[in-house]
Amino acid sequence: MVLLSTSDPTGVAYVQTVNLDGESNLKTRYAKQETLLKMSEKEKVIGLIKCEKPNRNIYGFHANMEVDGRRLSLGPSNIILRGCELKNTEWGIGVAVYAGRETKAMLNNSGAPSKRSRLETHMNIEIIILSLFLVALCTVVSACALAWLLRHKNELNYLPYYRKKDLVGKDYNYYGVGLEILFTFLMSVIVFQIMIPISLYISMELVRVGQAYFMIRDTEMYDEASNSRFQCRSLNINEDLGQIKYVFSDKTGTLTENKMEFQRVSIWGVDYSGAKSQIEPVGYSVQVEGKVIKPKMNVKTDPELLQLSERRNDTKEGRHVYDFFLALAACNTIVPLVTDTSDPTVKMIDYQGESPDEQALVYAAAAYGFMLIERTSGYIVIDIQGERQRFNVLGLHEFDSDRKRMSVILGCPDKSVKVFVKGADSSMFGVIDKSLNKNILHATESHLHDYSSLGLRTLVVGMRQLSASEFEQWHSSFEEASTAVIGRAALLRKVASAVENNLCILGASAIEDKLQQGVPEAIESLRIAGIKVWVLTGDKQETAISIGYSSRLLTSKMTQIIINNNSKESCRKSLEDAIVMSKKLTTVAGVTDNTGGSSEASPTPVALIIDGTSLVYILDSELEEQLFQLASKCSVVLCCRVAPLQKAGIVALVKNRTADMTLAIGDGANDVSMIQMADVGIGISGQEGRQAVMASDFSMGQFRFLVPLLLVHGHWNYQRMGYMILYNFYRNAVMVFVLFWFVLFTAFTLTTAINEWSSMLYSIIYTSVPTIVVGILDKDLSRKTLLKYPQLYGAGQRHECYNTKLFWLTMVDTIWQSVAIFFIPLLAYWGSSIDISSLGDLWILAVVILVNLHLAIDVIRWNWTTHAAIWGSIIATFICVTVIDALPFLIGYWAIFHVAKTATFWLCLLACVIVGLIPRFVVKYLYQYYSPCDVQIAREAEKFGNLREVGDVQIEMNAILGPQRR
């Protein structure tokens, strides 16, 4: 809805966009003065609005409005989107330009991107193999049936299954060899179709829902500060959390708190910071209508700078300080909001804005006596050392990722027009007039380097005064660009670049963004787990390196390779030299290790640090392969000054060239492309809104929650799901092979001994519930052990719980068990008068008991639910078989009651179970005793639980996870 008028006389409306992007800060929207005046005078408004086509961009809107022959530009600040809430504004009147499904809220209602689990993808290959095996099985049966028919073609008149003639000589139930073989093949498909585990997909979804429930309810991943729980937004990739090899992380708001605190400042080449800084006990305040107005947040101030700011324009230094803090107070989109306190004579001014950086800078300006009091679409009011001054906002060029700066054109009380600009140093030094004040420029650059080395976020501030002709030229260009519907952003960028040049540098600010709680420990745990952590940030190289050290991403033992080039050829040369260096370091370490000179020898860790400018020349070119070769040899990769699409390009670099699983984690809109590109995307519910959360597969409140998510829940989910898939293949194949062996003894007629009702209930009641319960509740190791020994996470990276080798071993075990189940009762009753239904009941009971006991052997953590599921399924099978045989209209009436009276029946059941499981017991014992994996060693340590053995586990696991094993 385009605003025409509001309850505020200046046409301002305050809105909250929490339903759109999760940002709770108030934002300002403005009605055009031309429509505001007409509405206030209750005049009839006639006009035409031309706007762009509906799109998903909630931060952009290009349109113009023609009123009284004038064309007025309309932008994001003039529109209220569906889903916004009006705050501190009684009413607003506007014109709806989008409605229904064309609104931006509806167009963005697409949910998280759909991704397929790597385990499920691998499983589909095995299902294709089983499908081919099913076809082969049916072909074998058909070929055998053909051979049998040809061999007994002279006996078909009298055989019961192929009788050509009945007693009176009429044709009976025979269609010739060709059709009989076709019918045999089709019947084989029907009888053996259980080989394709269709129920497995349903079981997997149920298990994932159960796993998601326990992840969401995990109190260790609950963030009290934001009152947010872990959210599982995509159910089909739970098990991928246990196989991650690469983590790509944003820095600001992900590793850090994104709560900015003004720390240091450099004005006109002088660094006003250090030990003299202090926090004012009361802080700066102003008197308005007999009431005291104070900033909501106190800021550290420098006494010397505070005195200079109070002198205003009396001295040269005071004039520079005046311009600097005026720039901080004016060059922003902050909304000042006055709130009541418990003291009726005191009011608090709360600065609401989309950027925490801007909030920190405006609070800093207020602390030094430049307090922003009011903002409208046409002017701002700033209290400067007790004197309220009004500045006309003639134009505002908002920050964008291309320019990396923002500017405001102010009409000052002395009738002069000035442009104030602030932005990243990489973009600001290119538009500052270097012919002026070279000493000041060099001093500021030195201060910036010092600030960045401390891990502080820096901004450079500059200004210049516009002449009348320059202002008129800018104003006409700005009006023309602002009213353009197509290509407005590019036109405004061009206009901004024209006015943002030949600036006089005022100084630089430094803001601290503290690390989140537990980040260093989390990164250390991930590194021990064999996970490579890459940080992709838009900050300066020095800032990123400083944060890297404080977060333990970088260590003093690492050799740093820095690539910071401005041309493709220089990038190529740097990459070639870096690859040679990394190989040399690895080779030296390997030689040391082989000579036996040191038992502690290991490859020298290498850290790659590369900037966004270099990535411009490397990504999407032939240099990508060289970058991947270098990065794959590095323990840590740190990318600085990267754009959002470059983040996605880095993820794609690894994802497209390796089979390793990737995870991206971020908190802002600039991380969305990276999150969607990675195999697993995680959004942080932070200060920068919920764009990352809405595009993610999982969301949480803190980076440190990544450790329990991956090392605990990821490990459990992978282990459970891998076992469940193999078990489903096994249980279905056992049943199919029992049916197949019976076909070989019945002239390949596809007659089944097992009742068709039991065949149908096999995957529904007899064996399904235990699979799902174990898939949700079983735990191979405790949370405490998994967190204490992050190396245990390597089981998922090496695919120990589900791989092609295990699949074929399971199939071999399946064949043996089916042979034991079928032939032991067959030989026991050979030559007896037992009917086929009784033998079928024996076989189905043996299959169910065996597969459930097979599952029971592999269960690690027993609880009452597991007991009820496994033993309850066996009891339910006996009940169902008894009920089916008690129905007189079904084949095999009363069969179970006859056969169960004999001792042979029970001895056969016992023999089937023992003979079927003996090979599995033997192999499992030999494997765990002579070649145990790290998970089994840790499980033994848990079982016996004394410190000496736990200490041995650490040594054993290090050996297992060494390079030799891989």
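Keep in mind it's a predicted model, so treat the numbers as computed, not measured.

(A) Here's a closer look at the overall build of the chain. The secondary structure content of the chain amounts to 33 helices and 32 strands. Across its three principal directions, the C-alpha atoms of the chain cover 120 × 85 × 60 Å. Across the 966 residues of the chain, 53% fall into the buried class. A fraction of 74% describes how many contacts in the chain between residues 6 or more apart in sequence connect residues 24 or more apart. Total accessible area on the chain stands at roughly 42,800 Å², and carbon and sulfur atoms take up 57% of it. Within the chain, the 96 negative side-chain charges are centred at a point lying 3 Å from the centre of the 93 positive side-chain charges.

(B) Geometry of the sheet that holds strand E25 (residues 504-515). The strand order across the open sheet built from nine strands is E12-E11-E25-E24-E23-E22-E21-E20-E19, with neighbouring strands paired in antiparallel fashion. The strands lining the two open edges of the sheet, one partner per strand, are strand E12 (270-271) and strand E19 (370-375).

(C) The arrangement of unusual backbone geometry in detail. Here aspartate 68, not a glycine, exhibits a phi torsion of approximately 55°, which is positive. Turning to its location among the elements, aspartate 68 is positioned in the loop between strand E5 (63-67) and strand E6 (70-74). Relative accessible area serves as the criterion here: at 58%, aspartate 68 is assigned to the exposed category.

(D) Inspection of helix H28 (residues 836-858) at higher detail. A rise of 1.5 Å per residue sets the reference length of H28, with its 23 residues, at 33 Å; its end C-alpha atoms lie 33 Å apart and thus fit the reference within 8%. Most of H28 is tucked away, with 20 of its 23 residues classed as buried.

(E) Representation of the packing of aromatic side chains within the structure. Enumeration over the complete set of coordinates arrives at 34 aromatic pairs. Ring geometry for phenylalanine 822 and phenylalanine 823: centres 4.9 Å apart, planes at 85°, overall edge-to-face. Judged by its relative accessible area of 0%, phenylalanine 822 falls in the buried class. The rings of Phe133, Phe192, Phe737, Phe740, Trp741, Phe742, Phe745, Phe822, Phe823 and Trp843 are connected pair by pair, giving a single aromatic cluster. Taking the ring centre of tyrosine 379 as reference, the NZ or CZ of arginine 390 above it sits at 3.8 Å.

(F) Examining the environment of isoleucine 80 more closely. With respect to the helices and strands, isoleucine 80 occurs in the loop between E6 and strand E7 (85-87). For the pair isoleucine 80 and valine 15, spaced 65 residues apart in sequence, the C-alpha separation works out to 7.8 Å. When residues no more than four places from it in sequence are discounted, the contact partners of isoleucine 80 are Met1, Leu3, Val15, Arg29 and Leu86.

(G) Looking closely at the sheet that holds strand E3 (residues 26-30). Read from one edge to the other, the open sheet built from three strands follows the order E3-E2-E7, with strand pairing classed as antiparallel. Looking at the sheet topology across the chains shown, the edges are occupied by E3 and E7. Averaged over all pairs of adjacent strands, the angle between strand axes in this sheet comes to 45°, irrespective of strand direction. Examined bridge by bridge, strand E2 (residues 12-16) and E7 share three bridges and lie antiparallel to one another. Note that in E7 the partner of valine 15 across the bridge is leucine 86.

(H) A look at the pairing of strand E29 (residues 636-640). When you tally the buried positions in E29, you get five out of five residues, the bulk of the element. As paired strands, strand E26 (residues 532-536) and E29 are joined by three bridges and run parallel to one another. Note that in E29 the partner of valine 535 across the bridge is leucine 638.

(I) Up close: the confidence of the model for the chain. Summing up the model confidence of the chain, the mean pLDDT is 86 and the portion of residues at 70 or higher is 91%. For the stretch residues 590-601, pLDDT sits under 50, and the model shows seven contacts to residues farther than four places along the chain or on other chains. Predicted confidence is poor over residues 947-966, with pLDDT under 50, and the contacts of this stretch with residues over four places away or in other chains come to 30 contacts.

(J) Just the nonpolar core, in detail. If you look at the biggest cluster of nonpolar residues, it comprises 85 residues, and the most contacted ones within it are Phe192, Ile725, Phe729, Tyr762, Tyr766, Trp843 and Ile844. Here the element with the most residues in this core is helix H22 (residues 706-744); it accounts for 19 residues. Not counting residues up to four positions away in its chain, the partners in contact with phenylalanine 729 are Met123, Glu126, Ile127, Leu130, Pro197, Leu200, Tyr802, Phe807 and Met811. Within the second largest apolar cluster, 79 residues are counted, among which are Phe262, Ile380, Val419 and Leu503.

(K) Region of interest: a nonpolar patch on the surface. A surface patch of nonpolar side chains, amounting to about 990 Å² of accessible area, comprises Leu910, Ile914, Ile918, Phe921, Val922, Tyr925, Leu926, Tyr929 and Tyr930. By the secondary structure assignment, tyrosine 929 is in helix H31 (residues 903-930). Residue class for tyrosine 929 comes out exposed when judged on its relative accessible area of 55%.

(L) Just the pattern of salt bridges, in detail. The tally for this structure, following the rule as stated, stands at 35 salt bridges. With a shortest N-O distance of 2.9 Å, glutamate 205 and arginine 208 are connected by a salt bridge. Of this pair, glutamate 205 and arginine 208 both sit in helix H6 (residues 198-216), three residues apart, which is roughly one turn of the helix. The exposure class assigned to arginine 208 is buried, which follows from its relative accessible area of 0%.

(M) Expanded view of the packing of helix H11 (residues 438-453) against helix H15 (residues 541-550). Packing of H11 against H15 leaves a shortest axis separation of 7 Å and a crossing angle of 25°. As far as their axial angle goes, H15 and H11 are roughly parallel. In this structure, H11 uses His449, Ser452 and Ser453 to contact H15, whose residues at the interface are Glu542, Thr543 and Ser546. Among the residues forming the contact of H11 with H15, the class breakdown is no nonpolar, five polar and one charged.

(N) Molecular detail of helix H19 (residues 644-655). Here H19 spans 17 Å end to end across 12 residues, near enough to the 16 Å set by a 1.5 Å rise per residue. Here H19 lies mainly inside the structure; nine of its 12 residues are buried. Among the residues making up H19, those that are buried are Gln646, Lys647, Ala648, Gly649, Ile650, Val651, Ala652, Leu653 and Val654.

(O) Quick peek at the pairing of E6. Note: E5 against E6, five bridges, orientation antiparallel. Counted as the bridge partner of alanine 63 is leucine 74 from E6. Hairpin remark: E5 followed by E6, antiparallel, with two residues in the connecting loop; positive phi at aspartate 68, about 55°.

(P) Structural context of the packing of H22 against helix H23 (residues 756-766). Remark: H22 packs on H23, axes separated minimally by 11 Å, with the N-to-C direction vectors making an angle of 170°. On the basis of the axis angle, H22 is roughly antiparallel to H23. Listed contacts from H23 to Arg731, Asn732 and Met735 of H22 are Ser759, Tyr762 and Ser763. Across the contact of H22 with H23, the residue classes break down as two nonpolar, three polar and one charged.

(Q) Summary view of the environment of glutamate 261. Structurally, glutamate 261 can be placed in strand E11 (residues 256-267). Linking glutamate 261 and arginine 403, residues 142 residues apart in sequence, is a C-alpha distance of 25 Å. Ignoring anything within four residues of it in the chain, the contact list for glutamate 261 reads Lys300, Ala510, Ile511, Glu512 and Lys514. At 3.2 Å, the side chain of glutamate 261 forms a polar contact with the side chain of glutamine 263.

(R) Local environment of the side chain of arginine 720. With respect to the secondary-structure elements, arginine 720 resides in helix H22. This buried residue, arginine 720, is left without a salt bridge; aspartate 778 holds the nearest opposite charge, at 6.6 Å. A distance of 3.2 Å separates the side chain of arginine 720 from the backbone oxygen of isoleucine 776, its partner in a polar contact. Dropping the residues within four chain positions of it, arginine 720 is found in contact with Gln211, Val774, Gly775, Ile776, Leu777, Asp778 and Lys779.

(S) Examining the state of the cysteines more closely. Considering all chains together, one arrives at zero disulfides under this definition. Unpaired in terms of disulfides, cysteine 138 finds its nearest cysteine sulfur in cysteine 144, a separation of 12 Å. Taking the relative accessible area as the measure of exposure, cysteine 138 reaches 0% and is therefore buried. Not engaged in a disulfide, the cysteine cysteine 801 finds its nearest cysteine sulfur in cysteine 933; these two sulfurs lie 7.9 Å apart.

So, how was this worked out
- Residue positions are given per chain, counted from 1 along the sequence in the order it is written.
- Under the rules for a predicted model, residues below a pLDDT of 70 receive no local features and side-chain atom pairs below 80 are neither given nor counted, while totals for whole chains, interfaces and linings still include all residues.
- The basis for the side-chain values is all heavy atoms of the structure; hydrogens and waters are excluded.
- Numbered from the N terminus, helices here are DSSP runs of H or I no shorter than four residues, and strands are runs of E no shorter than two.
- Here the term buried applies to any residue with accessible area under 20% of the maximum for its type, exposed to any over 50%, and partly exposed to those in between, with areas from a 1.4 Å probe on protein chains only.
- We call two residues in contact whenever any of their non-hydrogen atoms come within 4.5 Å of each other.
- Surface accessibility follows the Shrake-Rupley procedure with a 1.4 Å probe radius. Residue values consider only the protein chains on display as shielding.
- The charge count treats Lys and Arg as positive and Asp and Glu as negative. His and the chain ends do not count.
- Charged groups are reduced to one reference atom each: NZ for lysine, CZ for arginine, CG for aspartic acid, CD for glutamic acid.
- Pairing between two strands requires that DSSP report at least two bridges joining them.
- Helix span, as expected, comes to 1.5 Å for every residue beyond the first.
- A pair of aromatic rings is counted whenever rings of Phe, Tyr or Trp (Trp by its six-membered ring) have centres within 6.5 Å, and the orientation is called stacked for planes under 30 degrees apart, edge-to-face for over 60 and tilted otherwise.
- Here, over-ring charges are defined by two tests on the NZ atom of lysine or the CZ atom of arginine: distance to the ring centre within 6 Å, and angle to the ring normal within 35 degrees.
- Only the stretch in contact is used when fitting a helix axis, every axis being a line fitted to C-alpha atoms; angles between N-to-C directions are given from 0 to 180 degrees.
- Values of pLDDT, ranging from 0 to 100, describe the predictor's confidence in every residue of the model.
- Buried Ala, Val, Leu, Ile, Met, Phe, Trp, Tyr and Cys residues that are joined via side-chain atoms within 4.5 Å together make up what is termed a nonpolar core.
- The residues that make up patches have over 30% relative accessible area and no salt bridge, and they are joined within 9 Å when like-charged or within 5 Å when they are Val, Leu, Ile, Met, Phe, Trp or Tyr.
- Salt bridges are identified by distance alone: a Lys or Arg side-chain nitrogen within 4 Å of an Asp or Glu carboxyl oxygen.
- An angle below 35 degrees is read as roughly parallel, one above 145 as roughly antiparallel, one from 65 to 115 as roughly perpendicular, and any other as oblique.
- Each residue gets one of three labels, nonpolar for Ala, Val, Leu, Ile, Met, Phe, Trp, Tyr, Cys and Pro, charged for Asp, Glu, Lys and Arg, and polar for the others, Gly among them.
- Pairing of N or O atoms within 3.5 Å defines a polar contact, subject to two protein rules: one partner must be a possible hydrogen donor and the other a possible acceptor, and residues neighboring in sequence count only if both atoms are side-chain atoms.
- Any two cysteine sulfur atoms within 2.5 Å of one another count as a disulfide.

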